[in-house]
Amino acid sequence: MPPSTDFDWNDIPLILALARSGSMSATGRQLGVDASTISRRIAAAEKALKLRLFIRDNTGYQLTDAGKTFVAHGEAVYGNVQSMLQASSQEAGATAGPVNITSIDFLFDYWLLEHVPALHAEHPHLQLTLQAENQNLSFTRREADFALRLGKPGEDAALVMRKLGDLGFAVYGHPKFADTPRACWGTQPWIAYADELAGTTEMQWLAAMSPQPRKVLKVNSLSTMVRACHAGVGMALLPCIMGQQQGLQRIGDQVEVLRDIWLLSHRDAGSIARFKTVSAWLSQTYAASEQLLCGAASHP
């Protein structure tokens, strides 16, 4: 006969305690429960299991054969549960294990990667996965633990969202464009995003230029845009951190566009040590790089 679904698994430690002590009163004192409650719960457990677990004699409560079998398995189950709880507690409190971060690839390549060795030097048992991905990955399915996004995401009760800071964009190009006055920018050739990315803040800035510039090349990746700039194809609006590291000529003195960098994480991640560590690291790394990311550093 299959076991009853009415059995309360919380009664397992109570049954184990009574089997060890053989006394209702001793079991009650150990568990902080009165003897009448112990008696009632034992009776309910036996009814749910359709088994007699204990027989009372003049020495106390003795296990039946069925009770002995139950206790043998119950000790193993209870031990496994205790081990599970202890391991889970240790895992939650240890700065070790996997952490998945998703972001637009250039934030990894031109900013975050150079700071990873210092993080690993302090926390060698962290296992970072950096996923270059523009699509929204699932936090619930653990496809991502953190996400770096440009622009504030929509509200989601399951997520913690906070702004890390700003990302600056300026105009870059081949040195042959270096002396182009701002008033003449609209007369120069430009490298732009493909039409599906026309709604980005950068392309809206370009669309507002007067006269409307000639878009001589459209691309769908920043790396291609950078290479086109090096080749002298035209001017482009690029993240300052990318243009500077690629050795491009910055044209004009000011930052043209600022975009928000937002950090997303699952709301439950705040109770796990490795996630708290990585969250703090991301915040501290941004703070240390803020001027570079915003484009405040002087250009060549």
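Residues numbered from 1 in each chain as written. Predicted model: local features only at pLDDT ≥ 70, side-chain atom pairs only at ≥ 80, totals over all residues. Heavy atoms only, no water.

Looking at an unreviewed UniProt entry, one finds the protein chain named LysR family transcriptional regulator and attributed to Duganella dendranthematis. UniProt lists a comment for the protein chain under the heading Sequence similarities (unreviewed entry), and it reads "Belongs to the LysR transcriptional regulatory family." (UniProt positions renumbered as here; feature names shortened; annotations may be inferred.)

Draft legend 1. Expanded view of the packing of aromatic side chains. One pass over the full model with this rule turns up 6 aromatic pairs. Judged by centre distance (5.9 Å) and plane angle (75°), the ring pair of Phe7 and Phe70 falls under edge-to-face. Of this pair, Phe7 sits in the segment before α1 (12–21) while Phe70 sits in helix α4 (residues 65–93), and the two are 63 residues apart along the sequence. There is no split in this pair, since Phe7 and Phe70 are both buried. On the numbers, 6.5 Å between centres and 65° between planes, the contact of Trp185 with Trp205 is edge-to-face. Residue Trp185 is found in the loop between β6 (159–173) and β7 (189–193), and its partner Trp205 is found in helix α7 (residues 201–207); the two are separated by 20 residues along the sequence. (Phe/Tyr/Trp six-rings, centres within 6.5 Å; stacked < 30°, edge-to-face > 60°. Helix = DSSP H or I, 4+ residues; strand = E, 2+ residues; numbered from the N terminus. Buried < 20%, exposed > 50% of the residue type's maximum accessible area, 1.4 Å probe, protein only.)

Draft legend 2. Focus on helix α2 (residues 24–31). Buried residues of α2: Met24, Thr27 and Gly28, and no others. End-on, the buried residues of α2 take up no more than an arc of 100°, which puts them together on one face. Looking at the buried positions of α2, the neighbouring elements they touch are α1, α3 (35–49) and β2 (60–63). (Arc of directions from axis to C-beta. Contact = heavy atoms within 4.5 Å.)

Draft legend 3. The arrangement of a nonpolar patch on the surface in detail. A cluster of nonpolar side chains, contributed by Trp9, Val77 and Val81, occupies part of the molecular surface with about 280 Å² of accessible area. Among the structural elements, Val81 can be located in helix α4. (Patch = residues over 30% accessible without salt bridge, like charges linked within 9 Å, V, L, I, M, F, W, Y side chains within 5 Å. Areas by Shrake-Rupley, 256 points an atom, 1.4 Å probe, with all protein chains shown as cover. Salt bridge = Lys/Arg side-chain N within 4 Å of Asp/Glu carboxyl O.)

Draft legend 4. Molecular detail of the pattern of salt bridges. Following the criterion strictly, the structure yields 7 salt bridges and no others. The residue Asp11 makes a salt bridge to Arg41 at a minimum N-O spacing of 2.7 Å. Note that Asp11 is positioned in the segment before α1 and Arg41 in helix α3, a separation of 30 residues in sequence. For Arg259, the salt bridge goes to Glu202, with nearest N and O atoms at 2.8 Å. Of this pair, Arg259 sits in strand β11 (residues 257–266) while Glu202 sits in helix α7, placing them 57 residues apart in sequence. Each of the two residues, Arg259 as well as Glu202, counts as buried. Several salt bridges converge on common partners, so that one network encompasses Lys163, Asp166 and Asp260.

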